[in-house]
Amino acid sequence: MGGLVSTLVEHNRKRLIRQALDRTQRYFFRTQHEEGYWLGELESNPTMEAEYVMLTHFMGSVEGGRIPRIAEDIRRRQSPDGSWRMYYGAPGDLSTSIECYFALKLAGDSAEAPHMARAREFILAKGGLPRARVFTKIWLALFGQWDWKGTPAMPPDMLLLPKWAPFNIYRFASWARATIVPMTIILTLHPTRPPPESAWVMELYPDGPANSTLSRWRAKPFSQRGGFLVLDQAIRIYRNLPLIPGRKRALKAAIDWIVSHQEADGSWAGIQPPWVYSLIALSAMGFSLDHPVIKKGLDGFRGKWSLPSEGGESLRVQACLSPVWDTCLAMRGLLDSGVPAKHPAIRRAADWLMGREIRVKGDWAMCRPNLEPSGWAFEFDNVNYPDIDDSAIIVGDLVSTRMVCASKEQERTSAISRAVTWLTGMQCSNGGWAAFDWNNDSRQLANIPFADFGELLDPPSADVTAHVLEMYGRLGYSLEHRTVIRGLAYLWDQQEHDGPWFGRWGVNYIYGTAAVLPALEALGVDMTQPRVRRAVQWLLARQNPDGGWGETCASYVNPSLRGQGESTPSQTSWALIALIAAGEAGHDAAGKGVDFLLERQREDGTWDEPQFTGCGFPGYGPGDRPENIGSLNDGKGQGPELGAAFMINYHLYRNYFPLWALGRYGRALRVQQ
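In this convention, every chain numbers its residues from 1, walking through the sequence in written order. With the structure being a predicted model, the display of local features is reserved for residues of pLDDT at least 70 and the display and counting of side-chain atom pairs for 80 or more, all residues being used for whole-chain, interface and lining totals. The side-chain figures draw on all heavy atoms in the structure; neither hydrogens nor water molecules are used.

1. Concerning the packing of helix H4 (residues 94-106) against helix H6 (residues 134-142)
Two packed helices can be described by the angle between their axes and the distance between those axes. Running from N to C, H4 and H6 point in directions that differ by 20°, and their axes come no closer than 9 Å. Here H4 is positioned roughly parallel relative to H6, judged by the angle of their axes. Judged by the sense of rotation from one axis to the other, the crossing of H4 with H6 is left-handed. On H6, the residues that touch Ser95, Ile98, Glu99 and Phe102 of H4 are Thr136, Trp139 and Leu140. For every element, the axis is a line fit to its C-alpha atoms; helices are fit only across the contacting stretch, and the angle between N-to-C directions ranges from 0 to 180 degrees. Helix and strand definitions follow DSSP, with helices as H or I runs of at least four residues and strands as E runs of at least two, each counted in order from the N terminus. Orientation is classified from the angle alone, with under 35 degrees giving roughly parallel, over 145 giving roughly antiparallel, 65 to 115 giving roughly perpendicular, and any other angle giving oblique. By definition, any crossing whose near helix is turned counterclockwise from its far helix by less than a right angle is left-handed, and any crossing with a clockwise turn is right-handed. Contact between two residues is taken to exist if any of their heavy atoms lie within 4.5 Å; hydrogens are not considered.

2. With respect to the sheet that holds strand E1 (residues 42-43)
Here, a strand pair is defined by DSSP locating no fewer than two bridges between the strands. An order of E1-E5-E4 is seen for the three strands of this open sheet, with the pairing classed as antiparallel. Edge strands, defined here as strands with exactly one partner in the open sheet, are E1 and strand E4 (614-617). Pairing of E1 with strand E5 (residues 646-650) involves two bridges; the strand directions are antiparallel. Among the inter-strand pairings, Leu42 is bridged to a residue of E5, identified as Tyr650.

3. Some remarks on H4
Helix span, expected: 1.5 Å multiplied by one less than the number of residues in the helix. Given a rise of 1.5 Å per residue, 13 residues ought to cover 18 Å, and the 18 Å separating the end C-alpha atoms of H4 matches this to within 8%. Burial status follows relative accessibility: with a 1.4 Å probe on protein chains alone, a residue under 20% of its type maximum counts as buried, one over 50% as exposed, and anything between as partly exposed. Of all 13 residues making up H4, 13 are buried, and the element is well covered by its neighbours. Where H4 terminates, the next one or two residues include Gly108, which has phi positive at roughly 110°.

4. A closer look at the environment of Ala590
Along the chain, Ala590 falls in helix H21 (residues 588-600). Residues Ala590 and Leu576, 14 residues apart in the sequence, show an inter-C-alpha distance of 6.1 Å. Apart from the residues lying within four places of it in its own chain, the contact partners of Ala590 are Leu576, Glu584, Ala585 and Tyr665.

5. A closer look at the side chain of Thr179
Locating Thr179 in the fold gives a position in helix H7 (residues 174-189). Thr179 has contacts with Phe135, Pro273, Pro274 and Tyr277, leaving out every residue within four places of it along the chain.

6. Description of the confidence of the model for the protein
On average, residues of the protein score 91 in pLDDT, and 90% of them are at 70 or above. The quantity called pLDDT is the predictor's confidence in a given residue, expressed from 0 to 100. Here residues 631-635 is a poorly scored stretch, pLDDT under 50, and it has 14 contacts once near neighbours within four places are set aside; other chains count.

7. Overview of the pattern of salt bridges
One speaks of a salt bridge when a side-chain nitrogen belonging to Lys or Arg is within 4 Å of a carboxyl oxygen belonging to Asp or Glu. The tally for this structure, following the rule as stated, stands at 38 salt bridges. A salt bridge links Arg133 to Glu99; the nearest nitrogen and oxygen atoms lie 3.8 Å apart. Highlighted residues: Arg133 in the loop between helix H5 (114-125) and H6 and Glu99 in helix H4, separated in sequence by 34 residues. Judged by relative accessible area, Arg133 falls into the buried class, the value being 6%. A salt bridge links Asp299 to Lys295; the shortest N-O distance between them is 3.0 Å.

8. Re helix H14 (residues 388-399)
If you check H14, its first and last C-alpha atoms are 17 Å apart, about what 12 residues at 1.5 Å a residue would give, namely 16 Å. Along H14, 11 of the 12 residues are buried, which leaves the element largely enclosed by surrounding structure. Of all the positions in H14, only Ile388, Asp389, Asp390, Ser391, Ala392, Ile393, Ile394, Val395, Gly396, Asp397 and Leu398 are classed as buried. Contact partners of the buried residues in H14: helix H12 (323-336), helix H13 (344-355), helix H15 (406-425), helix H16 (462-475) and helix H18 (509-522).

9. Topic: unusual backbone geometry
Of note, the phi angle at Ala269 is positive, near 60°, even though the residue is not glycine. Of note, Ala269 is situated in the loop between helix H9 (247-260) and helix H10 (272-284). Assessed through its relative accessible area of 9%, Ala269 is described here as buried. At Leu642, a residue that is not glycine, the phi angle is positive and equals roughly 55°. With respect to the helices and strands, Leu642 occurs in the loop between E4 and E5. When its relative accessible area of 0% is taken as the criterion, Leu642 is described as buried.

10. Digging into the pairing of E5
Burial analysis of E5 places five of its five residues in the buried class, which makes it a mostly covered element. By the alternation rule, side chains of E5 split into Phe646, Ile648 and Tyr650 and Met647 and Asn649, which are all buried. One ladder, built from three bridges, connects E4 with E5; its direction is antiparallel. If you follow Phe617 over to E5, its bridge partner there is Phe646.

11. Overview of the nonpolar core
Put simply, buried Ala, Val, Leu, Ile, Met, Phe, Trp, Tyr and Cys residues joined by side-chain atoms within 4.5 Å make one nonpolar core. Core analysis: the largest hydrophobic core is formed by 215 residues, its most contacted members being Trp325, Leu517 and Met647. Among the elements that make up this core, the one with the highest residue count is helix H22 (residues 653-672) (10 residues).

12. Structural notes on the packing of helix H2 (residues 47-59) against helix H3 (residues 66-76)
Contact pair H2 / H3: the axes reach a minimum separation of 9 Å and the direction vectors enclose 150°. When the interaxial angle is binned, H2 and H3 end up roughly antiparallel. The handedness of the crossing between H2 and H3 is left-handed. Residues Glu49, Ala50, Tyr52, Val53 and Thr56 of H2 form the contact with H3, whose participating residues are Arg66, Ile67, Ile70, Asp73 and Ile74. As a working rule, the residues Ala, Val, Leu, Ile, Met, Phe, Trp, Tyr, Cys and Pro are called nonpolar, Asp, Glu, Lys and Arg charged, and the rest polar, with Gly in that last group. Partitioning the contact of H2 with H3 into residue classes produces six nonpolar, one polar and three charged.

In structure tokens, the structure reads:
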């Protein structure tokens, strides 16, 4: 009798899976843009909106009705305790709250309004302005609300250093490099444009305005960090000399670098931080609002980067756009769920992607000058920084795609060949792959006083490496191939003692493990070996009672929270993808995970997921996981608010990853029968 019941349950589950796949496939068919791509919202934190308000006020840009709508979005995202937070469910963050409070005052909100009073109470209880992160202090200094003496020293002379020099800009990660170059101008010129007195925030000093110092930064006298603080003081003395040889040349080099790195959509590096600081730096150097570079930069924010609310009352400014990433992951989901390789939606997506291949040398070529350029960026426009992660997944998609005409087929195979050669050449010395750069791991740079937010380096990670290795598996590379051998050695070295892998670009150990196990399977690794079994047991032990899996962003600072959190569609899908790759599709846990997804699918083929499951920066400084989690540069670390991190809610993760998981589950069951 039990066997009959089990058979009926499985039969019903298969029927529901077919229905669920059909609904989600139809969702992606109808939401594909005419050009062939998919694009979902990239939700982050409200500093994006706050800094846009500050940017346009500093620039004197007339924004029409945009600022009131952006201010309304900031108000809507305020927590009951008066704070603003870095991700869904997080505790309030001090620096984010300060920036939002100041932006609302610039937008005209009274300090006496109830929501402002609540914010002020939270900020003061957390220590006020003196306890803010460096970037927040720089923003306030631009408006005369913080003393420039309390910000780091970083001269533009860095632009004149040779490539081998320790502080050459190409030793920093791509995103940090694009931010540091304009910051050298800002931190040299100290441009200050005070707002009306009604927008001042002197009330955020717990003991009243005092001398701004670098007192937040502490270090042992003879430590590496102590040396950087001494260097910082020396640069300050040098900066105040009456005549500095080469200063004009250094400033010109910084301006030329900024102007030459502006993208077609007006952005810099395809992300918000270098974009806003580049505009501020150029404005400080005298570039007017009608200068083509400034105009292009401001206009860029007003296009696809701005998302109105459903009713149009509020407006959100995204930190980045993810069309290439969304498209390659949606393609993978459609292909894995049974959509034919020649389906029109697949061919349109492939054609769009092939047209986005980057054929010019970007900053990566400073270290790898002999590589033929290829690869794809994450965004619409970012030719300087093709993304290794995106590129590996796109190659895997193109391998599974078939075009209908011979010329397009030739274009497809040629793009695959070029991209594989480029990706192979970007393998780092330790066998892994980073996101954008090669051997970008000079950890001492993370000790500069500037580095109390995000990451300054781009070392290899297990998840990116796994995606590249899975690509090789799809191409038929053997375990004896030298590149594969080195990549696998890196992955095994990165495995945690109890089985999982750290997720650098997704939350967190569930994501890392879900990247590695399919890569091992694709390469033909023995999935019964103890190392794989440890990973499987780790996943099984972290399934929630509701059948799903979840992991809080706080696991980046609290290892006891690894693999723990509210169940989400994307993280449940990752766990299923990993278990299926390990041969566990028939396990009861996999069936319960599938049921979790089926029960929560909406009629339109989508899922709901307010949780943030994407990661931009864990906030570790160097970029990779420290041995002692919680040891940031000030010696105190960050708490669960992740004030030094940057977390992301990709709004399409909730839809295409379940499509992957359900499609692979159904295929695995058919193979097993």
